[in-house]
Amino acid sequence: MAYPPLDLAQDEIRLLSLFVDDDSNKSIQCSTTVTKLRDAPPFKALSYYRGDRFDRRSLMLNGERLMVTKNLDAALRTLFRHEQKSIWVDLLCIDQENATEKSHQVSLMSEIYSGATEVLASTGAPLGSHRWTNGAFSFIQLWAQTDWKMDSSSDVRQMLSQKPLFLRQSWQQAQDLFDLSFWKRKWILQELILARNVFFIYGNKRIALDDIERVIEVWKQLQGPKFANRMKPYIKWVRPVATRRLQIYSSIRSSKLKHGASPSLATLLEVCQALEVSDPRDQIYALLGMAEKSDVVVDYSKPAKDVLTDFAAQMIKASKHLDLLRDAGVMDLQPLERFDLPSWVPSWERTPYLSLPKTYQASSNSEAAYHFDEDELLGEQNRARLFANGIKCGNILEMDSAEIMIENPAQILGQHFVRYKLHQKYPTGIPVLQAIFRTMLLDNNFSSASRLSSKDAKTFDMAAGFLFMLQLMDEVKKESLYELAMSYDVSVDSNEVLPDYAESFLKYTGKDHDGRSMQEVLESFLGPADSKAHLDWPKELDFKRGQANLRSFLAEAANCLESRSMFSLGRGYFGVGPLGIQPGDMVVVLWGCDVPLVIRKVEDCYILVGSCFVLGFMDGEARQMVKEGKRRLRTFNLH
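Predicted model, so just to flag it, every value in this text is computed and none were measured. (Residues numbered from 1 in each chain as written. Predicted model: local features only at pLDDT ≥ 70, side-chain atom pairs only at ≥ 80, totals over all residues. Heavy atoms only, no water.)

Student: Quick rundown of the overall build of the protein? Include the residues and the values.
Tutor: Scanning the protein from terminus to terminus reveals 25 helices and 21 strands. Expressed as a percentage of its 639 residues, the buried residues of the protein come to 52%. Within the protein, contacts between residues at least 6 apart in sequence are counted, and of these 70% link residues at least 24 apart. When the accessible area of the protein is evaluated, it comes to approximately 29,400 Å², of which 47% is carbon and sulfur surface. (Helix = DSSP H or I, 4+ residues; strand = E, 2+ residues; numbered from the N terminus. Buried < 20%, exposed > 50% of the residue type's maximum accessible area, 1.4 Å probe, protein only. Contact = heavy atoms within 4.5 Å. Areas by Shrake-Rupley, 256 points an atom, 1.4 Å probe, with all protein chains shown as cover.)

Structure follows, in structure tokens:
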């Protein structure tokens, strides 16, 4: 019997013993013993990446043949050089075909990994090149053995004199190491964070995770302005390596050590959205061991649809808000890609675009007004349908890829907004051109995680870059403005009377200076001086501010608009939303949700397409409109 039975009531686990022959063609031999977790002898646990499930090798487990992935086979062969007995390996110590046992054992994994004397991690190797990965670990070990204080330029000079620390191939190996799929696994976080001691094993050697973290921190310091001049030739190697996925692990671990408390499951789901699982249920289960105590019970007998729907309903009930809807929606996916989840339930997978910032209060931070459907036959809640109160902002009239605003803004400003004239106002009272600028940046300063504000110099840096961009549009109607600006130095003829962005704006509008002040020249962007919506530009000291900030503006706008659609609504509103929106879709604000949503009528209900940004509906205007009788409160049936 490959899996001797466990007494789950006694929290029994299996521990593994290994025998690996020097002949790599011979199958690995494994046997298990059963023990109560609380009485277990000192044992070690393996952390690894399973790899391609179709590329398999056979091994013998308790006398029976079992197929495992090539990656696990390689990890076990490496593990054998470091440990042969009392090992815990999830795939071999848990009967994967027994849902009851699997549910119980997964619920114990936090105790297993925190109880192991060591967690030994095997990252695998790109294209089977273990020598390449081993070279990366050896390179990191070399850095770890050197105690750099980083206090002065003399320390950096001494560091740069050590040629083995700056071999291009070694940096490439390190970059490839942190690009391995091992770091993308959501389960990795629990395995590394809860462990008492973590060592990465490669060949006959091993390196402590603490050493890797310390080296990464040194590499991050080398990117700072203090070392910029001396590190310039090497920064292109340092930057890709120093900002890899290990930072997610480090930030959660340091927060846990600093505050002594576990983060909420909702927080972990948000932070770890970029990490991957093979079973959708593990989007939640893989994080339970690190999160504060919750009511979630691991149950692999439940379909993924029910696990995620029940958890989403619990989150709404506990928080009394609908903010989780900001990460839900069908977007442009097919039903099978969401395994038939209700549209309002997030899959908690990585989205192709930047999540909307948490700086909005579309419903004035109100509590949700909602209920779930009642099953008339069973007399119980049917959580597949969510009924929520809110208002209709408008229907989508036309749409296009939001990235066109970066690739070719002339097309957007010249076609999609042809009915808007420069002197016209957006519904909020600001000039249309300023509304376009704010929409391109989602009205956010991402460097400070705050809204664009006239009190923040960064707002005017970005505005200068935007205004400077306008003069280029006629020149790039058939090519990419983004590529042009990023590839070439762009300037504008200036007589130093006006800043370059004001000169650019004059060129865009086709008007002359005529001795007007800069505020008067930019009135079509800033708004009339006597208007409440007027943006007062501070005294300018940098006459090249537009050129200096063009690339920064375009890069930030590209980040905001990537994989999104732009759209227009009635009454002069426009915004950006997810891919997959269609003319006729409805934009709504639901009480308890901090951003507007795009929904679509399907038979007797609505499906959620995704969250969106519409200037004029981001700061509680919806509730004010209801108070003033400009909008009526409605109930939307989401499925």
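Student: Could you give an account of the packing of aromatic side chains, with specific residues and numbers?
Tutor: Evaluation of the coordinates by the stated rule reveals 35 aromatic pairs. Aromatic pair phenylalanine 19 and phenylalanine 80: ring centres 6.2 Å apart, planes at 80°, arrangement edge-to-face. Separated by 61 residues along the polypeptide, phenylalanine 19 in strand β1 (residues 12–19) and phenylalanine 80 in helix α1 (residues 70–80) bring together distant segments of the chain. Ring pairs connect the aromatic residues Phe139, Trp143, Phe166, Trp171, Trp219, Tyr234 and Trp237, which therefore count as one cluster. (Phe/Tyr/Trp six-rings, centres within 6.5 Å; stacked < 30°, edge-to-face > 60°.)

Student: Describe the pairing of strand β3 (residues 44–48), listing the residues and the values that go with them.
Tutor: Within β3, 5 of the 5 residues are buried, which leaves the element mostly enclosed by the surrounding structure. Neither face of β3 is exposed, since Lys44, Leu46 and Tyr48 on one face and Ala45 and Ser47 on the opposite face are all buried. As paired elements, β3 and strand β6 (residues 87–88) share 2 bridges and run parallel to each other. Note on β6: the bridge partner recorded for lysine 44 is isoleucine 87. (Pairing = 2+ DSSP bridges.)

Student: Give a detailed account of unusual backbone geometry, specifying residues and quantitative values.
Tutor: Positive phi values are uncommon outside glycine, yet tryptophan 348 reaches one of about 60°. Here tryptophan 348 is to be found in the loop between α15 (304–319) and β10 (370–375). In this model, leucine 442 sits at a positive phi of 55°, which is unusual for a non-glycine residue. Topologically, leucine 442 is positioned in the loop between α18 (432–440) and β13 (444–445).

Student: Account for empty space enclosed by the protein, with residues named and values stated.
Tutor: This structure, assessed with the given rule, holds 2 cavities of 30 Å³ or more. Here the second largest cavity is characterised by a volume of approximately 30 Å³. When grouped by side-chain class, the residues that make up the lining of the second largest cavity number 3 nonpolar, 4 polar and no charged. (1 Å grid on protein atoms, 1.4 Å probe; cavity = no way out; pocket = protein on both sides within 12 Å on 5 of 7 lines; lining within 4 Å. Points joined across faces, edges and corners; volume = space filled by probe spheres on them. Nonpolar A, V, L, I, M, F, W, Y, C, P; charged D, E, K, R; others polar.)

Student: Describe the pairing of strand β9 (residues 205–208), listing the residues and the values that go with them.
Tutor: Looking at chain direction, strand β8 (residues 198–202) and β9 are connected through 4 bridges and run antiparallel. Opposite phenylalanine 199, over in β9, you have alanine 208 as the bridge partner. Here β8 folds back onto β9, and the loop between the two strands holds 2 residues, one of which, glycine 203, carries a positive phi near 60°.

Student: Let's hear about the sheet that holds strand β20 (residues 613–614): which residues, and what values?
Tutor: The strand order β12-β15-β16-β20 describes an open sheet built from 4 strands, whose pairing is antiparallel. Edge strands, defined here as strands with exactly one partner in the open sheet, are β12 (398–401) and β20. Here strand β15 (residues 564–568) pairs with strand β16 (residues 574–578) via 5 bridges, running antiparallel. Of the residues in β16, the one forming a bridge with methionine 566 is valine 576. Its contacts with the sheet put α18 on β16 and β20, and the angle it makes with β16 is roughly 20°. (Axes fitted to C-alpha atoms, helices over the stretch in contact; angles between N-to-C directions.)

Student: Describe the nonpolar core, naming the residues involved and giving the relevant values.
Tutor: The biggest cluster of nonpolar side chains holds 196 residues, and the ones touching the most others in it are Trp88, Trp143, Phe200, Trp219, Leu325 and Trp537. When residues in this core are grouped by element, the largest group, 9 residues, is from helix α19 (residues 457–470). (Core = buried A, V, L, I, M, F, W, Y, C linked by side-chain atoms within 4.5 Å.)

Student: Residue-level account of the pattern of salt bridges, with values.
Tutor: Applying the stated criterion across every chain, the model contains 22 salt bridges. Two residues, aspartate 594 and arginine 326, come together in a salt bridge whose shortest N-O distance is 3.2 Å. Remark: arginine 326 occurs in the loop between α15 and β10 and aspartate 594 occurs in the loop between β17 (586–590) and β18 (597–602); sequence separation between them is 268 residues. Since its relative accessible area comes to 11%, aspartate 594 is described here as buried. (Salt bridge = Lys/Arg side-chain N within 4 Å of Asp/Glu carboxyl O.)

Student: Tell me what's going on with the side chain of arginine 438, and back it up with residues and numbers.
Tutor: Inspection of the secondary structure puts arginine 438 in helix α18. Judged by relative accessible area, arginine 438 falls into the buried class, the value being 13%. Among all residues touching arginine 438, those that are not within four sequence positions of it are Ile430, Asp443, Leu452, Leu535, Phe613 and Leu615.

Student: Explain α18 to me, and be specific about the residues and the numbers.
Tutor: Where burial is concerned, most of α18 is hidden: 9 out of the 9 residues are buried. Positive backbone phi, at 55°, marks leucine 442, one or two positions downstream of α18.

Student: Let's hear about the packing of helix α5 (residues 130–144) against helix α7 (residues 168–178): which residues, and what values?
Tutor: Contact geometry for α5 and α7: axes closest at 8 Å, N-to-C directions at 110°. With respect to α7, the element α5 is oriented roughly perpendicular. On α7, the residues touching Trp132, Thr133, Gly135, Ala136, Phe137, Phe139, Ile140 and Trp143 of α5 are Gln169, Ser170, Trp171, Gln172, Gln173, Ala174, Asp176, Leu177 and Phe178. When its residues are assigned to classes, the contact of α5 with α7 shows 10 nonpolar, 6 polar and 1 charged. (Parallel < 35°, antiparallel > 145°, perpendicular 65-115°, else oblique.)

Student: Account for the packing of α18 against helix α24 (residues 545–561), with residues named and values stated.
Tutor: Between α18 and α24, the least distance of the axes is 8 Å, while the angle of their chain directions is 70°. Comparing the axis directions of α18 and α24 gives the class roughly perpendicular. Counting all contacts with α18, which are made through Phe437, Thr439 and Met440, the residues of α24 involved are Phe553, Ala557, Cys560 and Leu561. Split by residue class, the contact of α18 with α24 holds 6 nonpolar, 1 polar and no charged.

Student: Could you give an account of the layout of surface pockets, naming the residues involved and the relevant values?
Tutor: Taken as a whole, the largest pocket encloses approximately 1,200 Å³ of empty space. In terms of lining, the largest pocket is formed by 37 residues, of which the most central are Ala266, Leu269, Glu270, Val271 and Asp327. Of all elements in the fold, only α13 (265–271) and α15 reach the threshold of two or more residues within the lining of the largest pocket. Computed from the structure, the second largest pocket encloses a volume of approximately 1,000 Å³. Forming the boundary of the second largest pocket are 33 residues, of which Arg50, Leu91, Gln96, Lys102 and Ser278 lie nearest the centre. Only β5 (64–69), α2 (90–93), α3 (99–107) and α8 (186–193) provide two or more residues apiece to the lining of the second largest pocket.

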